[in-house]
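# A closer look at the structure
Next come the chains, spelled out residue by residue.
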Amino acid sequence: MIEKSPTILVIDDDDSVRKSLARLLRSAGLNVETFSSGEASLERAPYEGVGCIVLDVCMSGLSGTDLQARLAQNGCDIPIIFLTGHGTIPMGVAAMKQGAMDFLTKPVDDEVLLRTVRGALARHESVVRGQTEVKNARERLGTLTPRETAVLRCVLTGALNKQVAARLGIAEKTVKVHRGRVMEKLAVTSVAELVRLCAAAGVQPLNDTGD
């Protein structure tokens, strides 16, 4: 199920720290889920929606960096903000190289944490929006027939209807019909919109070899 409201997943094996972070984030109007270990967080169904993870580095059992690696293997793209009371520069650099959003030391200033969390949510919202646009574009393109797709890819080259007809060996009026159906099925009203939609879905113009 796709969660509709942004959520922060707080993972820390220190009860007092975990509760304090949850109170702070909730006081700022944010949704929070808490976990006492990396293992416990992995028992949750994969999070779907906009969110971020506030993650302690040094935990018993699965460490924060180990959990980061596990999540990456699972294809999770949720931004991670590391918190640690025993951080080192090499540790921070390694975490950032693996895609961490930030690496903050405990005790972290409330405003710094909230600002960092909001930045992570904004970044992830942009990522999720892009993924949704690609998914929707591909679904709409999937409704086209093979002939409509061929006409579409010719149109992407900038070819006129009569040029498309000559290339595909069909009548120009047939091209007009297919082109109209393409615009209708894809719910676009201009070639510019058509180009943007195809770019999002990775559809390429038909090249000289017909591929």
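Cut-offs applied
- Residues numbered from 1 in each chain as written.
- Predicted model: local features only at pLDDT ≥ 70, side-chain atom pairs only at ≥ 80, totals over all residues.
- Heavy atoms only, no water.
- Pairing = 2+ DSSP bridges.
- Helix = DSSP H or I, 4+ residues; strand = E, 2+ residues; numbered from the N terminus.
- Axes fitted to C-alpha atoms, helices over the stretch in contact; angles between N-to-C directions.
- Contact = heavy atoms within 4.5 Å.
- Core = buried A, V, L, I, M, F, W, Y, C linked by side-chain atoms within 4.5 Å.
- Buried < 20%, exposed > 50% of the residue type's maximum accessible area, 1.4 Å probe, protein only.
- Arc of directions from axis to C-beta.
- Salt bridge = Lys/Arg side-chain N within 4 Å of Asp/Glu carboxyl O.

Taken in spatial order, the five strands line up as β2-β1-β3-β4-β5 in an open sheet, and their pairing is parallel. Every interior strand has two partners, whereas the edge strands, β2 (31-35) and β5 (102-105), have only one. Strand-to-strand, the axes of this sheet are offset by a mean angle of 20°, without reference to chain direction. Pairing analysis gives five bridges linking strand β1 (residues 7-11) to β2, with the strands arranged parallel. By the bridge assignment, T7 is partnered in β2 with N31. Across the sheet, helix α1 (residues 15-27) is in contact with β1, β2, β3 (51-56) and β4 (80-84); its angle to β2 comes to roughly 170°. Contacting β1, β3, β4 and β5, helix α5 (residues 110-141) runs over the sheet at an angle of about 135° to β3.

Below, the discussion takes up the nonpolar core. Generally speaking, nonpolar side chains in soluble globular proteins are found buried as a group. L141, L152, V164, L168, L186 and L194 are the most contacted members of the largest nonpolar core, which totals 24 residues. Every element with two or more residues in this core is listed here: α5, α6 (146-155), α7 (161-168), α8 (172-186) and α9 (191-201). The element contributing the most residues to this core is α6, with five residues. Leaving out residues up to four positions away in the same chain, V164 has contacts with V151, C154, A159 and V175.

Bringing α9 into the picture now. Turning to α9, its buried residues are L194, L197, C198 and A201. Take α9 and look down its axis: the buried residues cluster within an arc of 95°, on one side only. Opposite the buried face of α9, at more than 90 degrees from it, the exposed residues are R196 and A199. Structurally, α9 contributes buried residues whose contacts are with α5, α6 and α8. Positive backbone phi, approximately 80°, marks G202, located one or two places after α9.

Right, let's talk about unusual backbone geometry for a bit. The peptide bond linking K106 to P107 adopts the cis configuration, its omega dihedral lying at -10°. The backbone phi angle of A187 is positive, close to 55°, even though this residue is not glycine. Relative to the elements of secondary structure, A187 occurs in the loop between α8 and α9.

By the definition in use, this model includes seven salt bridges. Linking R18 and D15 is a salt bridge whose minimum nitrogen-to-oxygen distance equals 2.5 Å. With R18 and D15 both in helix α1 and three residues apart, this pair spans about one turn of that helix. Judged by relative accessible area, which is 10%, R18 ranks as buried.

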